[in-house]
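# Secondary and tertiary structure notes
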Amino acid sequence: MTMETTQLAPLQTQTVAVKSSFYLAMRILEPARRDAMYAIYAFCRAVDDIADDEGERAARRVALDDWRRDLDELYAGRIRPKTAFLAEPVRRFGLDREDFEAIIDGMMMDVEEDICAPGWEKLELYCDRVASAVGRLSVRAFGLVDDDSPELSTAPKLLAYHLGRALQLTNILRDLDEDAARGRLYLPLEALEEAGVSNHAPHAVLSNPALDAVCAPVMQRAREHFEQSDLVMTGLPKSGVKAPYLMAAGYRSILDRLATRGFSPPRAPVRMSRAKLVGALLKHAFL
């Protein structure tokens, strides 16, 4: 890696990360951990943009496979320009290649088809790949795992599992209209059937009077994952959970606002509560 790449990578990744809902949570970390989180987010943003691109599916598959090949090179010690920003975080914090691969697998699910009314089992797989895999990378950057440990211990693994799913399910509920515009609907098939919704086309579901009933079990599952992640964090070092606490507080406020707003059209955009985020910051950031 050249000196120029080493100096530029953190600034470039911060420029990407500043657009994230999690920017404040990342920003409060010590510099090396903060830069690692910026890099993880920048990777996620890059592959997510490929999945969401409106171009040909074949071209998007090739673009994701290019990332796989560049990861092959990175973990073999041959750093290509596109993945140079990941080199130091991978080296310093032992970021697991399998988790980066899982994220790409999740994005490939969106490339292979416009996901529409998946069963809970498929939705769980999707959430594990696009969210909990990010969590498994993040707990290393947070300092919840020994940098030289090849395996995650139970508590950090559970935090990644529960918080990742809580955040992703909240995203699904928040982004119903945006996803429908792409021909996607991540609400589970079982919830649609239980609510008596037979037409599973995205815009038909979003205009159905039973939409609140369809969203209710998704919201309940998200709340349960938030509660479980809170329980896990109580047993972890306070210095290592300040960032995930902020992430959870911000997204839980989105879930609360979605519950208050409901899902009947027109659906006003919902954003996280600044007051809740500041409250969490004051409570946890300086521990």
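Our structure is the block above this text.
Owing to the predicted nature of the structure, the values given are computational and were not obtained by experimental measurement. (Residues numbered from 1 in each chain as written. Predicted model: local features only at pLDDT ≥ 70, side-chain atom pairs only at ≥ 80, totals over all residues. Heavy atoms only, no water.)

Helix and strand counts for the chain come out as 14 helices and zero strands. Secondary structure elements of the chain, listed N to C terminal, follow the sequence α-α-α-α-α-α-α-α-α-α-α-α-α-α. Its C-alpha atoms give the chain a radius of gyration of 19 Å, near enough to 19 Å, the size a compact globule of 287 residues would have. Per-residue burial over the chain gives 51% buried out of 287 residues. Intrachain contacts of the chain at a sequence separation of at least 6 include 68% that bridge at least 24 residues. (Helix = DSSP H or I, 4+ residues; strand = E, 2+ residues; numbered from the N terminus. Rg over C-alpha atoms; globule rule 2.2 N^0.38 Å. Buried < 20%, exposed > 50% of the residue type's maximum accessible area, 1.4 Å probe, protein only. Contact = heavy atoms within 4.5 Å.)

Attention shifts here to unusual backbone geometry. Omega for the peptide link from Pro265 to Pro266 comes to -5 degrees, which places this bond in the cis form. Mapping Pro266 onto the fold places it in the loop between helix H13 (238–261) and helix H14 (274–284). Positive phi values are uncommon outside glycine, yet Ala117 reaches one of about 55 degrees. Checked against the element boundaries, Ala117 lands in the loop between helix H6 (97–112) and helix H7 (120–142).

So, on to the packing of aromatic side chains. Under the counting rule described, the total for this entry stands at six aromatic pairs. Between the aromatic rings of Trp67 and Phe85, the centroid separation amounts to 6.5 Å while the plane-to-plane angle is 80 degrees, which identifies the pairing as edge-to-face. Here Phe85 lies in helix H5 (residues 84–93) and Trp67 lies in helix H4 (residues 57–75), a separation of 18 residues in the sequence. With respect to class, Trp67 is no different from Phe85; both count as buried. Taken together, the aromatic side chains of Phe43, Trp67, Phe85 and Phe100 make up a single cluster linked through ring pairs. Positioned above the aromatic ring of Trp67 is the side chain of Lys82, whose terminal nitrogen or guanidinium carbon lies 4.6 Å from the ring centre. The ring of Trp120 carries the charged tip of Arg221 above its face, separated from the ring centre by 3.6 Å. (Phe/Tyr/Trp six-rings, centres within 6.5 Å; stacked < 30°, edge-to-face > 60°. Lys NZ or Arg CZ within 6 Å of the ring centre and 35° of its normal.)

In this section: the environment of Arg27. By the secondary structure assignment, Arg27 is in helix H2 (residues 23–27). Residues Arg27 and Met233, spaced 206 residues apart in sequence, show a C-alpha to C-alpha distance of 20 Å. Contacts of Arg27, omitting those with residues within four sequence positions, involve Gln14, Arg34 and Tyr38.

A separate point is the environment of Ser21. Mapped onto the secondary structure, Ser21 falls in the loop between helix H1 (3–17) and H2. Through-space distance from the C-alpha of Ser21 to that of Gly250 is 8.2 Å; in sequence the pair is 229 residues apart. In this structure, Ser21 is in contact with Arg174, Tyr251 and Met272, ignoring residues within four places of it in sequence.

Listed as buried for H14 are Leu277, Ala280, Leu281 and His284. Relative to the axis of H14, the buried residues are bounded by an arc of 105 degrees and lie together on one face. Away from its buried face by more than 90 degrees, H14 exposes Ala275, Leu282 and Lys283. (Arc of directions from axis to C-beta.)

Turning our eyes to something else, we now look at H13. With 24 residues, H13 ought to run about 34 Å at 1.5 Å a step, and its terminal C-alpha atoms sit 34 Å apart, in line with that. Along H13, the helix axis deviates most sharply at Pro244, where the bend reaches about 30 degrees. Gly262, located one to two residues past H13, shows a positive phi value of around 80 degrees. (Expected span 1.5 Å × (residues − 1). Bend = angle between axes of the 7 residues up to and from the residue.)

In short, geometric facts, not functional conclusions.
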